[in-house]
Amino acid sequence: MNQPTATPLRFSAFVMNTTSHILQGLWRTEEAQQTNFNSLEHWVSLARELERGKFDFIFFADVTGLYGDYDGGYRKYVQAGLQIPSNDPSVIASAIAYNTTDLGIAITSSVLQDHPFNFARKISTLDHASGGRIAWNIVTNGLANASRNFGYDDLEEHDERYVWADEYADVVYKLWEGSWDDGALLADKERGLHGDPSKVHKIFHEGKRYRVEGPHLVAPSPQRTPVLFQAGSSPAGREFAARNAEAQFIITPNPEAARLLVDDTRARLPRYGRDPHDLTFFQGLHFVIGSTEEEARRKEAELEDNIDLDAMIAHLSGAIGIDFGSHPLDTPLGAIETEGIRSVLDWVRDSVDGREATIEDLGRLQGRNSRVVGTPEQIADELQRWRDAGVDGINVVNATIPGSYVEFIDHVMPVLQQRGLAQSEYAPGTARAKLFGSDLLNHRHPAAKYRGAFAEVTAGV
């Protein structure tokens, strides 16, 4: 069930408005500028570089709380700058939009952190300001501390979080797609008629979590609904993506695993009335590039030396809910009793030959996961294999900012463009038009059913 036509891969830059995001500790290297994350110029400059390289998106991750305890608390996260401090990416999106012309801007926002009425208003405003270049990475919240930050006692059960996300999405779809008809905004100075009240509608949403009357306070933006990303590959996550997403961010260990995930998820779309290729897939990868393979391996060794292993383990530990911090790095994994992460431990054990795997191996293998090392030509060969497996795009993880992206743009992108694996010029129009050829969601998406659905509920008449 792979895409039938060979099209260029899409590229996004996976970043976060923080110092240490995925590859921990590399902010300490001389060339790294991640510590400038508070600077608006830092992000504007990066966005200009990405546009020079014909990247499709700058993709901002985000969190609204701390990861689970490591060595009994959050000390390590603060010491390592591990996603704390962490700033709100939506606040800087308009500045990035103002200083670029084609680059899409994808913002992660969980259903926990913003009421859907306010979120819909914010996104529509940004989509207007950017000329239709905003994307939303829809996520549920997996951090207990974040839940408590917003007044909840603890995390919702995993699958229930997707039920929550479905209602949240339903509310914003009604506001974006159904509250304003086409032609409602007139701005007619001669008649003194700014809008047609018969074409502006309240939505009167009433659900388990939300009651929203409407109407949407922002007139339709160029895309109405932003490009819809989703991150989460559990069975519930795949179902949510099949119903809602246009692009899914995945992290799989190899193209074969990607093929299985892509095919399984695409097979779910028809049950929601969608075409399997209404959903595209962006694989997370990071790259170590050399003019020769020998140089690339030397640079990989230097990268390994600079990684903060303890922080890598803390990140994984906090994400999966097991505190490895009370054990030395050389602790055999067999000595750790747990049921919750048995699959993770088994994966590490299977990857280590001739001895018992340790906690240190856990951190090192996590740092090497989804890494591609080689010359630009070798990297292009590997990306061809990912595309052949059904992957549509690559979410490029950085070791340093801006260095990881500048190096990729200068050395790998020309090879990819020559082989037809990357675009050489931007298509015109909005972010969605660049990806799918249309400014608006296609008629098969569930949000499309709200177009004209509230015509009998009019404002002012």
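For every chain, the first residue of its written sequence is number 1, and the numbers climb from 1 along that sequence. Local features in a predicted model are, by the rule used here, given only for residues with pLDDT of at least 70; side-chain atom pairs are given and counted only at 80 or more, and totals for whole chains, interfaces and linings are based on all residues. Excluded from the side-chain calculations are hydrogens and water; all other atoms, namely the structure's heavy atoms, are used.

## A look at helix H14 (residues 403-418)
Okay, so step 1: Helix length check: H14 (16 residues) gives 23 Å between terminal C-alpha atoms against 22 Å at 1.5 Å per residue, within 8%.
Okay, so step 2: Contacts made by the buried residues of H14 are with strand E1 (10-16), helix H1 (40-52), strand E11 (280-289), helix H13 (376-388) and strand E13 (393-397).
Okay, so step 3: Working definition: helices are DSSP H or I runs of at least four residues, strands are E runs of at least two. Numbering for both runs from the N terminus. Directly after H14, the chain includes Gly 420, whose backbone phi takes a positive value near 80 degrees. Expected helix span is computed as 1.5 Å times (number of residues minus one). We call two residues contacting when some pair of their heavy atoms lies within 4.5 Å.

## Considering the nonpolar core
Okay, so step 1: The criterion is simple. A nonpolar core is a set of buried Ala, Val, Leu, Ile, Met, Phe, Trp, Tyr and Cys residues joined through side-chain atoms within 4.5 Å. Only protein chains enter the calculation, and the probe is 1.4 Å; a residue is then buried if its accessible area is under 20% of its type maximum, exposed if over 50%, and partly exposed in between. Phe 11, Trp 43, Phe 55, Phe 287, Leu 383 and Leu 416 are the most contacted members of the largest nonpolar core, which has 116 residues in total.
Okay, so step 2: With 10 residues, helix H6 (residues 158-178) is the single largest residue contributor to this core.
Okay, so step 3: Judged by nonpolar contacts, the second largest core, of 9 residues, contains Leu 23, Val 288, Ile 307 and Ala 399.

## Concerning the side chain of His 445
Okay, so step 1: Looking at the secondary structure, you find His 445 in the segment after helix H15 (431-436).
Okay, so step 2: Classification of His 445 as buried rests on a relative accessible area of 2%.
Okay, so step 3: Any pair of nitrogen or oxygen atoms within 3.5 Å is treated as a polar contact; in protein, a donor-acceptor pairing is required on top of that, and neighbouring residues in sequence qualify only through side-chain atoms on both sides. Among the polar contacts listed, one links the side chain of His 445 to the backbone oxygen of Asn 244, at a separation of 2.7 Å.
Okay, so step 4: Apart from the residues within four sequence positions on either side, His 445 is in contact with Tyr 173, Leu 228, Arg 243, Asn 244 and Arg 274.

## Topic: the packing of helix H7 (residues 235-244) against helix H8 (residues 255-266)
Okay, so step 1: Viewed as axis vectors pointing N to C, H7 and H8 meet at an angle of 55 degrees, and their least axial separation amounts to 9 Å. If you check the angle between H7 and H8, you find them oblique. Where H7 crosses over H8, the handedness of that crossing is right-handed. Along its contact with H7, which presents Arg 238, Ala 241 and Ala 242, the element H8 presents Leu 261, Asp 264 and Thr 265.
Okay, so step 2: Each residue gets one label: Ala, Val, Leu, Ile, Met, Phe, Trp, Tyr, Cys and Pro are nonpolar, Asp, Glu, Lys and Arg are charged, and the others, such as Gly, are polar. Along the lines of polarity and charge, the residues of the contact of H7 with H8 split into 3 nonpolar, 1 polar and 2 charged. Fitting a line to C-alpha atoms yields each axis, with helices limited to the stretch in contact; the angle taken between N-to-C directions then spans 0 to 180 degrees. Between 65 and 115 degrees an angle is taken as roughly perpendicular, under 35 as roughly parallel, over 145 as roughly antiparallel, and anywhere else as oblique. Note on convention: near helix rotated counterclockwise from far helix by under a right angle means a left-handed crossing. Clockwise means right-handed.

## So, the pattern of salt bridges
Okay, so step 1: Any carboxyl oxygen of Asp or Glu within 4 Å of a side-chain nitrogen of Lys or Arg constitutes a salt bridge here. Scanning the entire structure with this criterion turns up 35 salt bridges.
Okay, so step 2: Residues Asp 170 and Lys 174 are paired through a salt bridge, measuring 3.5 Å at the closest nitrogen-oxygen approach. With a gap of 4 residues between them, Asp 170 and Lys 174 both fall in helix H6, about one helical turn apart.
Okay, so step 3: A relative accessible area of 19% places Asp 170 in the buried class.
Okay, so step 4: The buried category is assigned to Lys 174, whose relative accessible area is 11%.

## Focus: the pairing of strand E2 (residues 57-61)
Okay, so step 1: Within E2, 5 of the 5 residues are buried, which leaves it mostly tucked inside the rest of the structure.
Okay, so step 2: The alternating pattern of E2 places Phe 57, Phe 59 and Ala 61 and Ile 58 and Phe 60 on opposite faces, both of which are buried.
Okay, so step 3: Here 5 bridges tie E1 to E2, and the two strands are oriented parallel to one another. Within E2, the position partnered with Met 16 by the bridge is Ala 61. The pairing criterion is simple: DSSP has to find at least two bridges between the two strands.

## Brief notes about the environment of Tyr 67
Okay, so step 1: Tracing the sequence through the fold places Tyr 67 in the loop between E2 and helix H2 (75-80).
Okay, so step 2: Once the C-alpha coordinates of Tyr 67 and Glu 239 are considered, the two residues, 172 residues apart in sequence, prove to be 26 Å apart.
Okay, so step 3: The residues touching Tyr 67, leaving out its near neighbours within four places in the chain, are Tyr 77, Leu 82, Gln 83, Leu 143, His 315, Gly 318 and Ala 319.
Okay, so step 4: Here Gln 83 takes part through its side chain, which lies 2.9 Å from a polar atom of the side chain of Tyr 67.
Okay, so step 5: A polar contact is formed between the side chain of Tyr 67 and the side chain of His 315, at a distance of 3.3 Å.

## Side note on H13
Okay, so step 1: Compared with the 18 Å implied by 1.5 Å per residue over 13 residues, the 18 Å span of H13 between its first and last C-alpha is a close match.
Okay, so step 2: Of all the positions in H13, only Pro 376, Ile 379, Ala 380, Glu 382, Leu 383, Trp 386 and Arg 387 are classed as buried. Buried positions in H13, seen along its axis, are confined to an arc of 165 degrees and lie on one side of it.
Okay, so step 3: Immediately downstream of H13, the backbone of Gly 390 shows phi near 105 degrees, a positive value. Throughout, the arc means that of the directions going from the helix axis to the C-beta atoms.

## What to know about the UniProt feature "binding site: FMN" (unreviewed entry) in the protein
Okay, so step 1: UniProt positions are given in the numbering used here, feature names are shortened, and annotations may be inferred rather than shown by experiment. Mapped onto the present numbering, the UniProt feature "binding site: FMN" (unreviewed entry) falls on Asp 62, Thr 108, His 158, Tyr 162, Ser 233 and Ser 234.
Okay, so step 2: Within the secondary structure, His 158 is located in helix H6.
Okay, so step 3: Examined against the element boundaries, Tyr 162 turns out to sit in helix H6.
Okay, so step 4: On the accessibility criterion, Tyr 162 (8% relative accessible area) is buried.
Okay, so step 5: Setting aside anything within four residues of it in sequence, one finds Tyr 162 in contact with Thr 140, Gln 230, Ala 231, Gly 232, Ser 234, Ala 236, Gly 237 and Phe 240.

## Focus on the pairing of strand E5 (residues 185-188)
Okay, so step 1: Relative to strand E6 (residues 193-195), E5 runs antiparallel, the two being bridged by 2 bridges. Within E6, the position partnered with Leu 185 by the bridge is Gly 195.
Okay, so step 2: The antiparallel pairing of E5 with E6 creates a hairpin that spans 4 residues between the two strands, and Gly 192 there sits at a positive phi of about 65 degrees.

## Describing the packing of H8 against H13
Okay, so step 1: Taken N-terminus to C-terminus, the directions of H8 and H13 make an angle of 25 degrees; their axes are 8 Å apart at the nearest point. The angle between the axes of H8 and H13 places the two elements in the roughly parallel class. Handedness of the crossing formed by H8 with H13: right-handed. Where H8 approaches H13, its residues Pro 255, Ala 258 and Arg 259 are matched on the opposing element by Glu 382, Arg 385, Trp 386 and Asp 388.
Okay, so step 2: Its residues placed into classes, the contact of H8 with H13 shows 3 nonpolar, no polar and 4 charged.

## Concerning the confidence of the model for the protein
Okay, so step 1: Chain-level statistics for the protein give a pLDDT mean of 93 and a share of 95% at 70 or above.
Okay, so step 2: Across residues 1-5, confidence stays below pLDDT 50; counting only partners more than four residues off in sequence or on other chains, it has 16 contacts. The pLDDT value tells you how sure the predictor is about a given residue, anywhere from 0 up to 100.

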